[in-house]
Amino acid sequence: QVQLVESGGGLVQAGGSLRLSCVASGTIFSINNMGWYRQAPGKQRELVALITSAGSTNYADSVKDRFTISRDNAKNTVYLQMNSLKPEDTAVYYCNVAYRSGRLALADALWGQGTQVTVSS
């Protein structure tokens, strides 16, 4: 079994910063892509940022130059540093991790439980 535990959400004023963390634990042979998604009330879940196993990154246009995704492979952890936060960044943030539990195992993906980020104006 593999579990994801997210942390770091909270309430912050516009212009402030937060850092989200997501730790993967359990039977993990390898981790491929790690990403952060968000879902605001009444809206679909959307990709915020993605980082590959090689360290390549991809960001939604709305967060470029404000958010930074990174990973620590030794700790099976992905981070999202969020700066210059705006009220429109308010959402539940979910991490997603693509992994294999064994050398011959099929690839699988798992969602975190979500962490609330609220930005006040």
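Undergrad: Before we move on, can you summarise the sheet that holds strand E8 (residues 77-82) with the specific residues and values?
TA: Taken together, 4 strands build an open sheet; the order of strands is E1-E3-E8-E7 and the sheet is antiparallel. Looking along the sheet, the strands with just one partner apiece sit at the ends: strand E1 (2-7) and strand E7 (67-72). Within the sheet, the average angular offset between the axes of one strand and its neighbour, ignoring direction, is 15°. Note that E1 and strand E3 (residues 18-26) share 6 bridges and pair antiparallel.

Undergrad: Just give me the short version of unusual backbone geometry, but keep the residues and values in it.
TA: Residue Asn76 is not a glycine yet carries a positive backbone phi of 50°. Along the polypeptide, Asn76 turns up in the loop between E7 and E8. One non-glycine residue, Ser84, lies in the positive phi region at around 50°. Overall, Ser84 belongs to the partly exposed group, its relative accessible area being 41%.

Undergrad: Tell me what's going on with the pairing of strand E4 (residues 30-39), and back it up with residues and numbers.
TA: Where E4 and strand E9 (residues 91-100) come together, 8 bridges link them in antiparallel fashion. Among the inter-strand pairings, Gln39 is bridged to a residue of E9, identified as Val92. In this sheet, strand E5 (residues 46-51) lies alongside E4 in antiparallel orientation, the contact comprising 5 bridges. Directly across from Gly35, in E5, lies its bridge partner Leu50. Joining the antiparallel neighbours E4 and E5 is a turn of 6 residues, in which Gly42 adopts a positive phi near 80°.

Definitions and limits used
Residues numbered from 1 in each chain as written. Predicted model: local features only at pLDDT ≥ 70, side-chain atom pairs only at ≥ 80, totals over all residues. Heavy atoms only, no water. Pairing = 2+ DSSP bridges. Helix = DSSP H or I, 4+ residues; strand = E, 2+ residues; numbered from the N terminus. Axes fitted to C-alpha atoms, helices over the stretch in contact; angles between N-to-C directions. Buried < 20%, exposed > 50% of the residue type's maximum accessible area, 1.4 Å probe, protein only.

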